[in-house]
Amino acid sequence: MVAKKQEIIVSGMRPTGRLHLGHFFGVLKNWERLQKESRCYFFVADWHALTTEYANIKEIQGWLAEMVIDWLAAGINPEKAVLFVQSRVPEHAELHLLFSMITPLGWLERVPSYKELQQELTGKDLSTYGFLGYPLLQTADVAIYKATKVPVGQDQVAHIELSREVVRRFNFLYGELFPEPQSLLTQTPKLPGTDGRKMSKSYDNCVYLSDSEPEATKKLMNCITDPARIRRQDPGNPDVCTIFSYHKLSTHPDALKQIDADCRTAGIGCVDCKKILVKSMNESLALFRERRGDIAKKPKKVQEILDDGASSARGVARKTLEEANEAMGL
Ligand code: SF4
């Protein structure tokens, strides 16, 4: 019997703020599953953070440390996956440079998020090379480990397409070296913030993973519900209710069905509904919070994990870079 080839998976997270519920139930739950069956490289994308936060560097180090604590508390296991900080593996930057020689500018300019984010993040000058070139840096992040799969949300699929084009061009010009990475489409729940808008630190409407149980409870109890449900006897619509989106993350499917039906017939009031949510959410996060408390007390241990991860990642990255240099006659 031929053994199934192990997938190589690379995924990074930008340290641009504290992690919230969306990260836990979306990205981290997915990573936790992936690390069991594939060779995984999970990195803190601090260079990527600079593409938008270059004027805000003081905060990045703090966010970076807190982020790794969240990862470990969520069960991301350094025995199973390689965890490291991107800037500690400079081979990413060198491969990015090599790729930049063969990538037409137009390929980068037409990545949809380039224009979209420039319009969204007003107040920041994003007419920089770093910002234009970040999908190419992502390509290097992935190719340096010869990744076969990259977990992405729908909005990132265009980036993987670009990565595929770039490595195809490299392989065509200099010989087959890199596999074309495939998107591993991840169903990340689009989680609204406590005020019903997109969950974002700039709106101050996030439930953070580092929030204590009382803090999170207070936020959930104050959360907006179906805005059309004014009185207790009004039937509600769970499809437009923020609380119900949170229920979907942590409440048992049978209870969820019941809440859906009771809400539509005004059989349950919003306060009681929120109390059920608080209970299920706190239960879902209990182990995470316990681990987080322990890990946060051991910053040296966290640093050791990142040091070991960087050294293990560099071993692989250096080898790939040597092959790329050789292929390009350098
Ligand atoms: S009962 Fe629950 S699901 Fe229905 S509107 Fe109120 S909080 Fe939302």
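Residues numbered from 1 in each chain as written. Predicted model: local features only at pLDDT ≥ 70, side-chain atom pairs only at ≥ 80, totals over all residues. Heavy atoms only, no water.

1. Some thoughts on the pattern of salt bridges
In plain terms, the rule: Counted as salt bridges are all cases of a side-chain nitrogen of Lys or Arg within 4 Å of a carboxyl oxygen of Asp or Glu. In this description a helix means any DSSP run of H or I spanning at least four residues, a strand means any run of E spanning at least two, and both kinds are numbered starting from the N terminus.
Counted according to the given criterion, the structure contains 21 salt bridges. Ionic pairing is found between Lys36 and Glu32, a salt bridge with its closest N-O pair at 3.8 Å. Of this pair, Lys36 and Glu32 both sit in helix α1 (residues 21-37), separated by four residues, roughly a single helical turn. Residues participating in the shared-partner salt-bridge network are Glu161, Arg164, Arg168 and Glu180.

2. A few points about the side chain of Asn325
Operational definition: Contact criterion: two residues are considered in contact whenever any of their non-hydrogen atoms come within 4.5 Å of each other.
Topologically, Asn325 is positioned in helix α14 (residues 299-327). Beyond its immediate stretch of four places on either side in the chain, Asn325 contacts Glu94, Leu98 and Leu330.

3. Here's the deal with the domain arrangement of the protein chain
Inclusion rule: Each domain span listed reflects an automatic or database assignment of domains. Buried area: the accessible area, evaluated with a 1.4 Å probe, that two parts lose upon being put together, summed over both parts. Think of a polar contact as two N or O atoms within 3.5 Å of one another; within protein, one of them needs to be a possible hydrogen donor and the other a possible acceptor, and neighboring residues in sequence only count if both atoms come from side chains.
Parsing the protein chain into structural domains produces domain 1 (8-191 + 299-327) and domain 2 (211-293). If you look at the interface, domain 1 gives 13 residues, while domain 2 gives eleven residues. Between domain 1 and domain 2, the buried area comes to about 1,100 Å², and carbon and sulfur atoms account for 70% of it. For domain 1, the biggest contributors to the area lost against domain 2 are Leu21, Phe25 and Ala73; these three give 45% of the whole. Viewed at the interface, domain 2 and domain 1 are joined by three salt bridges. When the shortest N-O distance is used, the salt bridge between Arg292 and Asp70 registers 2.5 Å. Inspection of the region where domain 1 meets domain 2 yields four residue pairs in polar contact (both at pLDDT 80 or more).

4. Points about the layout of surface pockets
To find leftover empty space, one rolls a probe the size of a water molecule over the atoms. The test is simple: Think of a 1 Å grid over just the protein atoms. A cavity is a set of points where a 1.4 Å probe fits yet cannot get out, a pocket is an open set with protein on both sides within 12 Å along at least five of seven lines, and lining residues have an atom within 4 Å of a point. Grid points are joined across faces, edges and corners, and a volume is the space filled by probe spheres set on the points. Classification used: nonpolar for Ala, Val, Leu, Ile, Met, Phe, Trp, Tyr, Cys and Pro, charged for Asp, Glu, Lys and Arg, polar for all others including Gly.
For the second largest pocket, the calculated volume is near 180 Å³. Lining the second largest pocket, in full, are Leu72, Pro78, Glu79, Ile295, Lys298, Lys301, Val302, Glu304, Ile305 and Asp308. Among the elements that take part in the lining of the second largest pocket, α14 stands out by supplying five residues, more than any other. For the lining of the second largest pocket, the residue count by class is five nonpolar, no polar and five charged.

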